[in-house]
Amino acid sequence: MHYIRLTIALGFVALTAACGKKAETPVAAETNQAAPAAAMSGDMGNMAMAPSATSAIKAKGHGTVTAIDKTAGTITLNHGPIPEAKWPAMTMTFKAAPAITDAAKVGEKVDFDVTLTGTSGEVTGVHPQ
């Protein structure tokens, strides 16, 4: 009988202590759902990016040149998935050296090399398919 009272008392103490604590907020699951291609242009907020802000990785991709801005030093590619970055297929603008922007042509299907750092990338090579 003494053990039952002790067990009940300890249970009551445990419940009382738990009542005063705040519940922890659950961590939301990371999403990496692809949006339609039209929505992907310029908005990458819902994507998990593989490279960290400090480590650059080199990746390869396949796509079509959709725009070239020689003044800004950019090339826009409608590319397939890039597994190294965990990126789905999308249209994206990358930095590019003048040699790249001079060699590429809008509408051309290309294989390309890209260096990724954080959420940005620079095309370092373009090879017509």
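Treat the numbers as computed from the prediction; the structure is a model and nothing was measured. (Residues numbered from 1 in each chain as written. Predicted model: local features only at pLDDT ≥ 70, side-chain atom pairs only at ≥ 80, totals over all residues. Heavy atoms only, no water.)

**Student:** Give me the lowdown on the overall build of the chain, citing residues and values where you can.
**Tutor:** On a plain count of helices and strands, the chain comes out with three helices and five strands. Helices and strands appear in the chain in the N-to-C order α-α-β-β-β-α-β-β. Within the chain, the proportion of its 129 residues that are buried is 30%. The long-range fraction of contacts in the chain, counting pairs at least 24 apart against all pairs at least 6 apart in sequence, stands at 54%. When the accessible surface of the chain is totalled, it reaches about 8600 Å², and 62% of it is carbon and sulfur. (Helix = DSSP H or I, 4+ residues; strand = E, 2+ residues; numbered from the N terminus. Buried < 20%, exposed > 50% of the residue type's maximum accessible area, 1.4 Å probe, protein only. Contact = heavy atoms within 4.5 Å. Areas by Shrake-Rupley, 256 points an atom, 1.4 Å probe, with all protein chains shown as cover.)

**Student:** Help me get a handle on the pairing of strand β5 (residues 120–128), residues and values and all.
**Tutor:** Within a regular strand, side chains alternate between the sheet's two faces. Where strand β3 (residues 90–96) lies against β5, two bridges are found, and the strand directions are parallel. Across the sheet, residue Lys95 finds its bridge partner in β5, namely Glu122. In terms of strand pairing, strand β4 (residues 109–117) meets β5 through eight bridges, oriented antiparallel. For Phe112, the partnering residue across the bridge sits in β5 and is Val126. (Pairing = 2+ DSSP bridges.)

**Student:** Which residues make up the sheet that holds strand β1 (residues 56–69), and what values go with them?
**Tutor:** Spatially, β1-β2-β3-β5-β4 is the arrangement adopted by the five strands of the closed barrel, whose pairing is mixed. Taking the axes of each pair of neighbouring strands and ignoring which way they run, one obtains an average angle of 55° across the sheet. (Axes fitted to C-alpha atoms, helices over the stretch in contact; angles between N-to-C directions.)

**Student:** Can you explain unusual backbone geometry? Please cite residues and give values.
**Tutor:** Positive phi, normally seen in glycine, also occurs at Lys86, with a value near 60°. Relative to the assigned elements, Lys86 resides in the loop between β2 (74–79) and β3.

**Student:** Can you break down the nonpolar core residue by residue, with the values?
**Tutor:** Counting 19 residues, the largest nonpolar core has Ile75, Leu77, Trp87, Phe94, Phe112, Val123 and Val126 as its most contacted members. The set of elements that each furnish at least two residues to this core consists of β1, β2, β3, β4 and β5. If we ignore the near neighbours within four places in the chain, the residues touching Val123 are Ile75, Leu77, Phe94, Lys95, Ala96, Ile100, Phe112, Asp113 and Val114. (Core = buried A, V, L, I, M, F, W, Y, C linked by side-chain atoms within 4.5 Å.)

**Student:** I'd like a description of the packing of aromatic side chains, backed by residues and values.
**Tutor:** Under the criterion given, the structure shown has two aromatic pairs. Members of the aromatic cluster, each reached through a chain of ring pairs, are Trp87, Phe94 and Phe112. (Phe/Tyr/Trp six-rings, centres within 6.5 Å; stacked < 30°, edge-to-face > 60°.)

**Student:** Lay out the pattern of salt bridges with the relevant residues and their values.
**Tutor:** Applying the stated rule across the entire model yields two salt bridges. Note that Lys60 is salt-bridged to Asp113, the shortest N-O span being 2.7 Å. With Lys60 in strand β1 and Asp113 in strand β4, this residue pair connects regions lying 53 residues apart in the sequence. Across the salt bridge formed by Asp102 and Lys70, the nearest N and O atoms sit 3.4 Å from each other. Taken together, the positions of Asp102 in helix α3 (residues 98–103) and Lys70 in the loop between β1 and β2 put the pair 32 residues apart, joining distant regions of the chain. (Salt bridge = Lys/Arg side-chain N within 4 Å of Asp/Glu carboxyl O.)

**Student:** Tell me what's going on with the environment of Thr115, and back it up with residues and numbers.
**Tutor:** Within the secondary structure, Thr115 is located in strand β4. In the structure, Thr115 is positioned 58 residues away from Ile57 in sequence and 5.7 Å away in space, judged by C-alpha atoms. Leaving out residues up to four positions away in the same chain, Thr115 has contacts with Ala56, Ile57, Lys58, Ser120, Gly121, Glu122 and Thr124.

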